[in-house]
Protein chains: 2
Amino acid sequence: MTIRIGIAGYGNLGRGVESAIIQNTDMELVGIFTRRNPEDVKIASKDVQVYKIEDILEYKDQIDVLILCGGSKDDLPVQGPQLAASFNTIDSFDTHAKIPDYFESVDAAAKPNEKTAIISVGWDPGLFSINRLYGEAVLPVGETYTFWGKGLSQGHSDALRRIEGVKDAVQYTIPVDEAVNQVRSGTRPTLTTRQKHTRECYVVLENGVDETSIKEAIVTMPDYFIDYDTTVHFITEQQLKTDHAAMPHGGFIIRSGKSGTNNSQVMEYSLKLKSNPEFTSSVLVAYARAAYKMSKSGQYGAKTVFDIAPGLLSPKSDHELRKELL
Amino acid sequence: MTIRIGIAGYGNLGRGVESAIIQNTDMELVGIFTRRNPEDVKIASKDVQVYKIEDILEYKDQIDVLILCGGSKDDLPVQGPQLAASFNTIDSFDTHAKIPDYFESVDAAAKPNEKTAIISVGWDPGLFSINRLYGEAVLPVGETYTFWGKGLSQGHSDALRRIEGVKDAVQYTIPVDEAVNQVRSGTRPTLTTRQKHTRECYVVLENGVDETSIKEAIVTMPDYFIDYDTTVHFITEQQLKTDHAAMPHGGFIIRSGKSGTNNSQVMEYSLKLKSNPEFTSSVLVAYARAAYKMSKSGQYGAKTVFDIAPGLLSPKSDHELRKELL
């Protein structure tokens, strides 16, 4: 039995999904759907076709689960509900504040059409969210701490690139060791934004632009940098290409609590990722298996990682799981 | 709405459950059931009654979930199926090799009686098992490493106490830093038993017993010590009481894998527990909430942590979870 997967959108995430499917022997990639001219899209797989996204409904019966690889800002708010009306879907919608609304709109499309749509899958939202939940459910008296990094932040890199005079840039978010160690030790400090993370920027300037004024514009930028200790390095375009092309990321979720008679208990979940988009893609693919199983058992509508029993992610049977992994 | 909990068995685990229930405002402890004479059992709660375990069926309608706090060796194989015929139950059955059989026997009792019985709950089996599953589902190409400790091992302490001439003893399992760091770095070493953990024993001897022969008996003991680098310290009964009364434990599950284009990705789950039994109890209590919800929605029979969607553990509504934790 093979789960037939479609990919909608072929950027970093779509490429990651394509490469992850090959690692899962119970899955098969049916096609890649793009807004671009299919002939212009070079893909890694040899035997897979690229199609226009407008034609996707023609392939409805050939796809068990469609993995939506578009962005949360412009693509998913439209595509999510639209495609969940015709396909079982997985997406990585990650605008935290808009998740409740997005959930409702996808649910309204999926449920009456008997489709299963798992939204906001990845590591944050996703695996980190699950660990926030396990942490507070098991240790209701305690604090949850989230640290991100060391990793390249797409949003903050974009913010740098929007500054006039900046040709290109990347930004790394770095957790402050001292804060992490304090939390790990079982104390429950109150930490300010500045105490938890620092930000490190690598910036390529346009010709003739003044370093001092750009640096000032960065470190005082509201929302993005002003509340952090920010370091700015000016580098050449070549250095950016050579040293900063990878997309590492990661982080920690730490739940520090006290059990019944005041014993300190610390739960920690951490990720150290060489490729952020490829890891997110790997999570999407595992949840595609869950969407497939849930649709087969009639569990329709929008779902999140909170609704998915762990066993649904595995290709192993319940009996094998109990025998081998419990 | 309050979930009414009963406790069967009042040892370390039962006491832990009692103290954990107080931290969960949606729960109430109905009664403690013991094989001992109820009048001889001193409990922490003021308004809770202690009853004879033989009378437990009289309280059937007053208990939503019964938490079984007996041992895996002698108590649960009998009590588990017996009580799952009349109650929704949670237990911490942890004899890994016997889990499949135990599951079947509990399932056969619970399902026809429309009861929900979640078995093998705790941290290993339990939260560690879930992380083994998430690890291999997300990164199918990789290795999973489990390290335990630093922590007091009940089984190994018991093995020491069975040696003739040993009056009392405790044993700590200690993960080897070098091995842990190697795995964390993203290499995937093949590690022998000896390379992963060391064992440290604190032993009180009976009067006049020879240290050398006891030490030899310990370090050569098959199954328990012979495959490890074992250190033996002889101490006084007073030192044992003063310095080794706590029951700390913990450990790490590390999944080290490669995503699609060969990027190294490392997922780690770790626990640092000041009280092993109290933490296990806290996990049992969170899963009691899940058992309650599942029984209400007609999901009967034996279950494991693999069958439990994370959201079921939380007192929060699905909407609150999406809004606050996703």
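Before reading on, note that the structure itself is shown above.
A brief look at the structure comes next. (Residues numbered from 1 in each chain as written. Chains lettered and ligands numbered in written order. Predicted model: local features only at pLDDT ≥ 70, side-chain atom pairs only at ≥ 80, totals over all residues. Heavy atoms only, no water.)

## Observations regarding the relation of the copies chain A and chain B
Here the two chain copies are tied together by a rotation about an axis and a shift along that axis. Put simply, the test is: The least-squares superposition of copies is restricted to C-alpha atoms, and to residues with a pLDDT of at least 70 in both copies. Throughout, a contact is declared for two residues whenever any of their heavy atoms are within 4.5 Å.
The transformation that overlays chain A on chain B combines an axial shift of 0.0 Å with a rotation of 180°, and the residual RMSD is 0.0 Å. Considering both components of the superposition, the chain copies are consistent with a two-fold axis. For chain A, the smallest separation between a C-alpha atom and the rotation axis is recorded for Ala309(A), amounting to 1.9 Å. Residue by residue, 100% of the interface of chain A is reproduced at the interface of chain B, so both copies engage with the same surface.

## Looking at the interface of chain A and chain B
Using the following cut-off: Two parts placed together each lose some accessible area; with a 1.4 Å probe, that loss summed over both constitutes the buried area. Salt bridges are defined as contacts in which a side-chain nitrogen from Lys or Arg sits within 4 Å of a carboxyl oxygen from Asp or Glu. Throughout this description, a polar contact denotes any pair of N or O atoms lying within 3.5 Å of each other; where both atoms belong to protein, one of them has to be capable of donating a hydrogen while the other can accept it, and for residues adjacent in sequence the pair is counted only when both atoms sit in side chains.
Contacts between chain A and chain B engage 68 residues on the former and 68 residues on the latter. Taking both partners together, chain A and chain B bury about 5,900 Å²; carbon and sulfur atoms supply 59% of that area. Scanning the region where chain A abuts chain B turns up 2 salt bridges. Across the salt bridge formed by Lys316(B) and Glu136(A), the nearest N and O atoms sit 2.8 Å from each other. Inspection of the chain A/chain B interface yields 32 residue pairs in polar contact (both at pLDDT 80 or more).

## Some thoughts on the packing of aromatic side chains
Residues and elements named next belong to chain A. Rules: Aromatic rings from Phe, Tyr and Trp, taking only the six-membered ring of Trp, are treated as a pair when their centres fall within 6.5 Å; an angle between ring planes under 30 degrees marks them as stacked, one over 60 as edge-to-face, and anything in between as tilted. In this scheme, Lys NZ or Arg CZ marks a charge over a ring once it lies within 6 Å of the ring centre and within 35 degrees of the ring normal.
Within this structure, the stated rule accounts for 17 aromatic pairs over all chains. The aromatic ring of Tyr172 is capped on one face by Lys150, whose charged end is 5.2 Å from the ring centroid. In this structure, Arg199 is placed above the aromatic ring of Tyr228, and the distance from its NZ or CZ to the ring centre is 4.1 Å.

## Side note on the side chain of Asn24(B)
Spelled out, the test is: Only DSSP runs of H or I with at least four residues qualify as helices, and only runs of E with at least two residues qualify as strands; both kinds are numbered from the N terminus onward. The buried label goes to any residue with under 20% of its type's maximum accessible area, the exposed label to any with over 50%, and the partly exposed label to all in between, with areas taken from a 1.4 Å probe on protein chains only.
Of note, Asn24(B) is situated in the loop between helix H1 (12-22) and strand S2 (27-34). Residue class for Asn24(B) comes out buried when judged on its relative accessible area of 7%. What Asn24(B) contacts, discounting residues up to four positions off in sequence, is Ala137(A), Pro140(A), Val285(B) and Arg289(B).

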